[in-house]
Protein chains: 2
Amino acid sequence: MAETQPPNQPPEDNKPGDAGPTKSALKKAAKAAEKEKKAAEKAAKAQELAQQKAEADVDFAAGLYGPLPLNQSQSRTRIERDRISLLPSKIGEKVLLRARVQTSRAQGTKMVFLNLRQRTDSVQALLTVTPEKVSKQMVKWAAGLADESIVLIEGIAVKTHEPIKSASVSDVEIHIEKIHLIAGLDSRLPFTVDGANRPETEGDSAEVQYKRVLLETRLNNRIIDLRTQTNQAVFTMQSAIGDLFREYLSSHGFMEIHSPKLQGAATESGASVFKVNYFKGSAFLAQSPQLAKQMAIAADFERVYEIGPVFRAEDSNTHRHMTEFIGLDLEMAIEEHYHEVMEMLDGMLKNIFSGLRSKYRKEIDVVQKQFPADDFKWREGPEGTLVLSFKEAVDILVEDGVPREDLDDFSTENEKRLGRLIKAKYDTDYYIIDKFPMALRPFYTMPDPEDPTLSNSYDFFMRGEEILSGAQRIHEPQLLSEKMRSKGVDPDSMKPYVDAFRMGCPPHGGGGIGLERVLMLFLKLNNIRRASLFPRDPKRLEP
Amino acid sequence: MAETQPPNQPPEDNKPGDAGPTKSALKKAAKAAEKEKKAAEKAAKAQELAQQKAEADVDFAAGLYGPLPLNQSQSRTRIERDRISLLPSKIGEKVLLRARVQTSRAQGTKMVFLNLRQRTDSVQALLTVTPEKVSKQMVKWAAGLADESIVLIEGIAVKTHEPIKSASVSDVEIHIEKIHLIAGLDSRLPFTVDGANRPETEGDSAEVQYKRVLLETRLNNRIIDLRTQTNQAVFTMQSAIGDLFREYLSSHGFMEIHSPKLQGAATESGASVFKVNYFKGSAFLAQSPQLAKQMAIAADFERVYEIGPVFRAEDSNTHRHMTEFIGLDLEMAIEEHYHEVMEMLDGMLKNIFSGLRSKYRKEIDVVQKQFPADDFKWREGPEGTLVLSFKEAVDILVEDGVPREDLDDFSTENEKRLGRLIKAKYDTDYYIIDKFPMALRPFYTMPDPEDPTLSNSYDFFMRGEEILSGAQRIHEPQLLSEKMRSKGVDPDSMKPYVDAFRMGCPPHGGGGIGLERVLMLFLKLNNIRRASLFPRDPKRLEP
């Protein structure tokens, strides 16, 4: 990748030293006059810290700059490192921080500008030749640091006169006094992190598109790709979705379970499973925790959830399939009606949506800079989430011109079309389709009591793509065996599962959510691989 | 299994109806006189509820007793079901609850006692022939319910005059007015849940031991075994350990990651991996998230944790090994010293211990009834957790008579012996051994800067068994490659991993914990399989 973005321009009126420690010291002294005792304590503490820092310098540095020895935990000063995001509260103070050099740019031989990065945050740092403090050699050395080097910087946090556009913390810059290399590069970067963070707008010109880092290149060099501010935000949000999922369910009486991924038999009908060499025999990788979580209900756990890997041996290379993904699964006993489960799932998802919006606005904004999208929308009023029956959904598509005979099941294309129609009509990116035909659902799905061609099952959608599938399950062993046989599954091949229901099992239902799909569709990332740390598909097992 | 425990004896002075609704209604009326408006509202609400309940009866029952139709979500009354644990606050009120029949015992033809169970809670319920209310047929039908049937009970919660020892809620009993069967049994129970919940004390007589349900029998019929109050408590605590792990780490700036279990190469040296048929090629199951979590650090995530399955193809059938278990893994960048990580792990584990003790006392007590044990002990004073160097630990064993030449590494036996010696000397079940010899650790372990035969690595122990292994890792690619070769691993065979460090990686360290080991050792369950929902070992892939 060629690096075409112009290097960071320092604001012209940005004179280093304007807001130095002297001013701050005077201010402190003035305050001290007012509150003597407090100030004295503070000063003592500051002195102690300065003392510590001075000792630290002796330990970690051979001088003001240069590479540090390999960190093998030789010594310990216990001085806290600063975070870039918190620098605005440190104006006028000495700061010490470990950060990446995203870019460096020398101005003549006397000055170098570094763009320093920590996760989604960046700040400008400046090193200027200063008699008896900063030598020409020091500036030259700093200017020669490779992009993506990790440095330890000591300097003063100074308020800038004009915002620095290239940095996320735009009103502070660091005037460097010491700079040391913690880890350098032993290889050439496949692309710059700056370049990989560029906006990807639909309808970009061919030239702009050409400069994009291709997804394939990104995934081959995922470590570098993950360092972009976008990806730091994406995976912070992935972590948040898990937290919000658990938070909601814990507060509704659910407990977490962990079910085995190694199975004795290739279970459930339809999807293909991976075969594992298991000592002298074979095992199979679970294609979902479906059977285990139902067995947990038969074992009286009442309400359970699981977050874990799910394996699908489907040779499919679409934008929304992976061979391994994270399932957010839940199962619960029901008292009267499977809508108890549907409503639990709905409440939980809305808790995720609103939690992301309220607590992760910064991350959403970071991602939208690279992937422009309208904010995800759901119905928040008293009318509640839009729930259509399968039949009603079919009618909407037929009304829009899709032949009814094509709608025994929804193709991906028709699903998306339905999403667009619903958005236009109901102004929501999120809805539920209930009452799927029995023929489309797995053997363990409970039929509708009125119409045996229908089932007590539902799918949930985000932006026209399915993110959740669920249903009431059959808890009665005779009916279960019958349905298994009618779908071509021998009940004896899944004896431990069927036996669980022979010992008495309450009516129950649940659902399974693809974590990466929720993340992809909430942020409109366009490819599921962008929502997986190290994605796996039929062609990719590394890194 | 023969059922030898005596049936529940109803207290003789326990007269049904003593604390009926009339008394309560009078009380309410007295209160209403004081606070008119509030009471009026309350009464209206109560009436509405009574109305709903009356309607519900019409819906779900053909009468006062009998089997309910298969719950296929025909109707919905939205009446809340009661929980046994909350019955003491419902004295004198009508209650409605779904529960298991743990045991039933008829007294003549006019009375039947049911022991009803929900998870760790149980209560006595009573059905008596009453003119125009409860018929002889109804009592007979209830007396014929199989153990482990699931019933829906309506009745009055009545305070007992003497505690009912056979029930966990001993001061309340339910006087049944309606009883319906939700799910019956279609098979014979392999053992009773009552029997499976009996104390297993060391030194029990041969006769008592003979009556125990063997672990093998339990695991073959895990669904029934899991219903014991002991197991309900064990897995509530398993869920709690995950919560406490996440809670501590989230509050210390960690985020959750999910790394792929399917790997392109058989990674890490030493342990064996399972091979998977992956389309036309092969994949391998990750034996830990070690490589991925280190790569996440190289990708700037700073502090990460993962909770997920870990696979070990070791043909080992000990009390503490499984082929699949849950790893609680973390990795973090360090600023100066690997003890930053060791202290983080220590703080996190102590948070788990104290969280379990303070919030799960009830569950601990339930488990200790079956598995008598002293409470788990750790040092909570200002002296902090006991940390011994490997050398100091060896000296303790030598002093106790173990030949020094046997102590190049610790055998399981010597580990346990050390645990006993430390308990006697320091009164703690929990300690850390630091500074393991380099020869005992994997290639990615950072050597000690002073003595290259030692390493910056540690193990954590509970009751003399290892639960956590961790270290500072090598973040420098040259040294890493060198150490790989010295351990017989070709760096090219793990190129994506080594490459991650070539692009600049901060110094870092971490550790991996076995969830089931922490649970087993905290509760002294004696076998790791008891701490796993559906355990997997070389001989077990089902249920």
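Rules of the game
Residues numbered from 1 in each chain as written. Chains lettered and ligands numbered in written order. Predicted model: local features only at pLDDT ≥ 70, side-chain atom pairs only at ≥ 80, totals over all residues. Heavy atoms only, no water. Helix = DSSP H or I, 4+ residues; strand = E, 2+ residues; numbered from the N terminus. Buried < 20%, exposed > 50% of the residue type's maximum accessible area, 1.4 Å probe, protein only. Contact = heavy atoms within 4.5 Å. Axes fitted to C-alpha atoms, helices over the stretch in contact; angles between N-to-C directions. Parallel < 35°, antiparallel > 145°, perpendicular 65-115°, else oblique. Nonpolar A, V, L, I, M, F, W, Y, C, P; charged D, E, K, R; others polar. Buried area = accessible area lost by both parts, 1.4 Å probe. Salt bridge = Lys/Arg side-chain N within 4 Å of Asp/Glu carboxyl O. Polar contact = N/O pair within 3.5 Å; in protein donor to acceptor, adjacent residues only side chain to side chain. Least-squares fit on C-alpha atoms with pLDDT ≥ 70 in both. Pairing = 2+ DSSP bridges. Domains from an automatic or database assignment. Phe/Tyr/Trp six-rings, centres within 6.5 Å; stacked < 30°, edge-to-face > 60°. Arc of directions from axis to C-beta.

A few words on the overall build of chain A. Summing up its helical and strand segments, chain A has 16 helices and 17 strands in all. Across the 543 residues of chain A, 57% fall into the buried class. Sequence separation of 24 or more characterises 68% of the internal contacts of chain A that already satisfy a separation of 6 or more.

All names here are of chain B. At a minimum axis distance of 8 Å, the contact between helix 14 (residues 477-486) and helix 15 (residues 495-502) shows a crossing angle of 150°. Regarding the angle of helix 14 to helix 15, the classification is roughly antiparallel. Contact residues: P477, L480, S481 and M484 in helix 14; Y497, V498, F501 and R502 in helix 15. Here the residues of the contact of helix 14 with helix 15 sort into 6 nonpolar, 1 polar and 1 charged.

On to the interface of chain A and chain B. Between chain A and chain B, the contact holds 115 residues from the first and 115 residues from the second. A combined buried area of about 9600 Å² lies between chain A and chain B, and 57% of that area is made up of carbon and sulfur atoms. When the area that chain A buries against chain B is broken down by residue, the three leading residues are H258, E336 and M503 of chain A, summing to 8%. Put simply, chain A and chain B have 18 salt bridges between them. Taking the shortest distance from any N to any O, the salt bridge between D186 of chain B and R502 of chain A comes out at 3.9 Å. Here chain A and chain B share 63 residue pairs in polar contact (both at pLDDT 80 or more) between them. In terms of residue count, helix 8 (residues 229-250) of chain A provides more of the side of chain A that touches chain B than any other element does, 10 residues in total. Among the residues forming the side of chain A that touches chain B, the class breakdown is 53 nonpolar, 29 polar and 33 charged.

With an RMSD of 0.0 Å, chain A superimposes on chain B once it is rotated by 180° and translated 0.0 Å along the axis. Read as a symmetry element, the transformation amounts to a two-fold axis. Rotation axis and chain A: the residue whose C-alpha lies nearest the axis is V276 of chain A, separated from it by 2.2 Å. Interface residue correspondence from chain A to chain B reaches 100%, placing this contact among same-surface, isologous pairings.

The subject of this paragraph is the pattern of salt bridges. Considering all chains together, one arrives at 92 salt bridges over all chains under this definition. Of the charged contacts in the structure, one is a salt bridge between E336 of chain B and R81 of chain A, with a shortest N-O distance of 3.4 Å. Here E336 of chain B, found in the loop between strand 12 (324-333) and helix 10 (339-359), pairs with R81 of chain A, found in the loop between strand 1 (65-67) and strand 2 (94-107), and the two come from separate chains. No difference in accessibility class separates E336 of chain B from R81 of chain A, as the two residues are buried. Residue R246 of chain A is joined to E256 of chain B by a salt bridge in which the shortest nitrogen-to-oxygen separation is 2.9 Å. Of this pair, R246 of chain A sits in helix 8 while E256 of chain B is found in strand 7 (residues 255-256), placing the two residues in two different chains. Relative accessible area serves as the criterion here: at 4%, R246 of chain A is assigned to the buried category. For E256 of chain B, a relative accessible area of 2% translates into the label buried. Within this structure, R81 and R98 of chain A together with E302, E335 and E336 of chain B form a network of salt bridges that share partners.

All names here are of chain B. With respect to the element layout, H180 can be found in strand 6 (residues 172-183). With a relative accessible area of 2%, H180 lands in the buried category. Within the structure, H180 has its side chain in polar contact with the backbone oxygen of G63 (distance 3.2 Å).

It is worth spelling out the sheet that holds strand 17 (residues 508-514) of chain A at this point. Residue and element names in this part refer to chain A. Read from one edge to the other, the open sheet built from 8 strands follows the order 7-11-12-17-16-15-14-13, with strand pairing classed as mixed. Each edge of the open sheet is held by one strand with a lone partner, namely strand 7 (255-256) and strand 13 (386-389). Pairing between strand 13 and strand 14 (residues 430-434): 4 bridges, direction parallel. For S389, the partnering residue across the bridge sits in strand 14 and is D434. Its contacts with the sheet place helix 8 against strand 11 (303-311), strand 12 (324-333) and strand 17, and it is angled at close to 155° to strand 11.

Reports often express the size of an interface as the amount of accessible area lost when the parts come together. Residues and elements named next belong to chain A. What the domain assignment lists for chain A is domain 1 (65-69 + 79-183), domain 2 (193-226) and domain 3 (229-531). Each of domain 2 and domain 3 has a C-alpha centre, and these two points are 31 Å apart. For the pair domain 2 and domain 3, the number of links is 1 salt bridge. Across the pair E200 and R530 runs a salt bridge, and its minimum N-O distance is 3.7 Å. The interface formed by domain 2 and domain 3 holds 8 residue pairs in polar contact (both at pLDDT 80 or more) in total. Looking at the side of domain 2 that touches domain 3, the elements with two or more residues in it are helix 6 (215-220) and helix 7 (222-225). For the side of domain 2 that touches domain 3, the class distribution of residues is 5 nonpolar, 2 polar and 6 charged.

A few words now on the packing of aromatic side chains. Residues and elements named next belong to chain B. Evaluated as defined, the whole model comprises 42 aromatic pairs over all chains. Ring plane angle 10° and centroid distance 5.4 Å describe the contact between Y431 and F461, whose orientation is recorded as stacked. Of the two residues, Y431 is situated in strand 14 (residues 430-434) and F461 in strand 15 (residues 457-462); the sequence distance between them amounts to 30 residues. The pair formed by Y431 and F461 is uniform in burial state, with each residue classed as buried.

As a further point, take the sheet that holds strand 17 (residues 508-514) of chain B. Residue and element names in this part refer to chain B. Ordered in space as 7-11-12-17-16-15-14-13, the 8 strands form an open sheet in which the pairing is mixed. Edge strands, defined here as strands with exactly one partner in the open sheet, are strand 7 and strand 13 (386-389). With respect to the sheet, helix 12 (residues 390-399) is in contact with strand 13 and strand 14, its orientation differing from that of strand 13 by roughly 90°.

To continue, consider helix 12 of chain B. Residues and elements named next belong to chain B. Within the sequence span of helix 12, burial applies to F390, A393, V394, I396 and L397. Down the axis, helix 12 shows its buried residues gathered within 155° of arc, on one side only. Pointing more than 90 degrees away from the buried face of helix 12 are the exposed residues K391 and E399. Close packing links the buried residues of helix 12 with strand 13, helix 13 (412-426) and strand 14. Downstream of helix 12 by one or two residues, G401 has phi in the positive range, about 105°.

Residue and element names in this part refer to chain B. When you line up the elements, E306 lands in strand 11 (residues 303-311). The class for E306 is buried, based on a relative accessible area of 4%. Separated by 2.8 Å, the side chains of E306 and K261 make a polar contact. With residues up to four places along the chain from it excluded, the contact list for E306 reads I257, H258, S259, K261, P289, G327, L328 and D329.

This next bit is on the pairing of strand 4 (residues 121-128) of chain B. Residue and element names in this part refer to chain B. Across the 8 residues of strand 4, 7 count as buried, placing the element largely inside the fold. The pairing of strand 3 (residues 111-118) with strand 4 spans 8 bridges and is classified as antiparallel. When the bridges of strand 4 are listed, L116 appears paired with V123. Turn length for the strand 3-strand 4 hairpin, with the two strands adjacent in sequence and antiparallel, is 2 residues, and the turn residue R119 shows positive phi of about 50°.

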